[in-house]
Amino acid sequence: MAKRGGFPGGAMPGNMNNLMKQAQRMQKQMEEKTKEIEEKEWEASAGGGAVTIKVSGKKEITAVTLSKEVVDPDDIEMLQDLIMAAANEAFRKMEDESQAAMGQITGGLGGLGGGFPF
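Residues numbered from 1 in each chain as written. Predicted model: local features only at pLDDT ≥ 70, side-chain atom pairs only at ≥ 80, totals over all residues. Heavy atoms only, no water.

As annotated in an unreviewed UniProt entry, the protein carries the name Nucleoid-associated protein acsn021_44040 and comes from Anaerocolumna cellulosilytica. Annotation of the protein in UniProt includes, under Subcellular location (unreviewed entry), the sentence "Cytoplasm, Nucleoid". Within the UniProt record for the protein, the comment given under Sequence similarities (unreviewed entry) is "Belongs to the YbaB/EbfC family." (UniProt positions renumbered as here; feature names shortened; annotations may be inferred.)

Rendered as structure tokens:
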């Protein structure tokens, strides 16, 4: 009776073995790039520099800088909008760079990085 499944002798054919090695290399590169991105910071401003936000690759706000002129107790809504705009832009910059870096590793193959924080 013939064996079910697997390959003769339990060995993988050459192409499959090479594919596994490539996948392991790609995974290692993605882990290294993820660590590099997590250690980096991005900055964005709004209101002509009145509000500046820095974010990390861990998706955390690391700094908020406000100019004195933008702190107006009679116009809190404007300050809130500027903070939100600067934060969103900083996160967009981080995401764009992160996706571009991972795209270089995967060759633009979508869906292969499941479970990675980017």
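Draft legend 1. Expanded view of the overall build of the protein. Counting secondary structure elements, the protein contains two helices and three strands. Along the protein, helices and strands appear, N-terminal first, in the series α-β-β-β-α. Relative to its 118 residues, the protein shows a buried fraction of 22%. Considering only contacts within the protein whose residues lie at least 6 apart along the sequence, 52% involve residues at least 24 apart. Accessible surface for the protein amounts to roughly 8500 Å². Of this, 52% is attributable to carbon and sulfur atoms. (Helix = DSSP H or I, 4+ residues; strand = E, 2+ residues; numbered from the N terminus. Buried < 20%, exposed > 50% of the residue type's maximum accessible area, 1.4 Å probe, protein only. Contact = heavy atoms within 4.5 Å. Areas by Shrake-Rupley, 256 points an atom, 1.4 Å probe, with all protein chains shown as cover.)

Draft legend 2. Structural context of a nonpolar patch on the surface. A grouping of I61, V64, L66 and V71 is seen on the molecular surface, where their side chains present a nonpolar patch of about 330 Å² in accessible area. Mapped onto the secondary structure, V64 falls in strand β3 (residues 61-66). What makes V64 partly exposed here is its relative accessible area of 46%. (Patch = residues over 30% accessible without salt bridge, like charges linked within 9 Å, V, L, I, M, F, W, Y side chains within 5 Å. Salt bridge = Lys/Arg side-chain N within 4 Å of Asp/Glu carboxyl O.)

Draft legend 3. How the structure looks around the pattern of salt bridges. Summed over the entire model, instances satisfying the criterion amount to six salt bridges. In this structure, E32 engages K28 in a salt bridge whose closest nitrogen and oxygen atoms are separated by 3.4 Å. Residue E32 and its partner K28 are located together in helix α1 (residues 14-38), separated by four residues, close to a single helical turn. Under the relative-accessibility criterion, E32 is labelled partly exposed at 46%. Across the pair K59 and E95 runs a salt bridge, and its minimum N-O distance is 3.1 Å. Placement of the pair is K59 in the loop between β2 (51-56) and β3 and E95 in helix α2 (residues 76-106), with a sequence separation of 36 residues.

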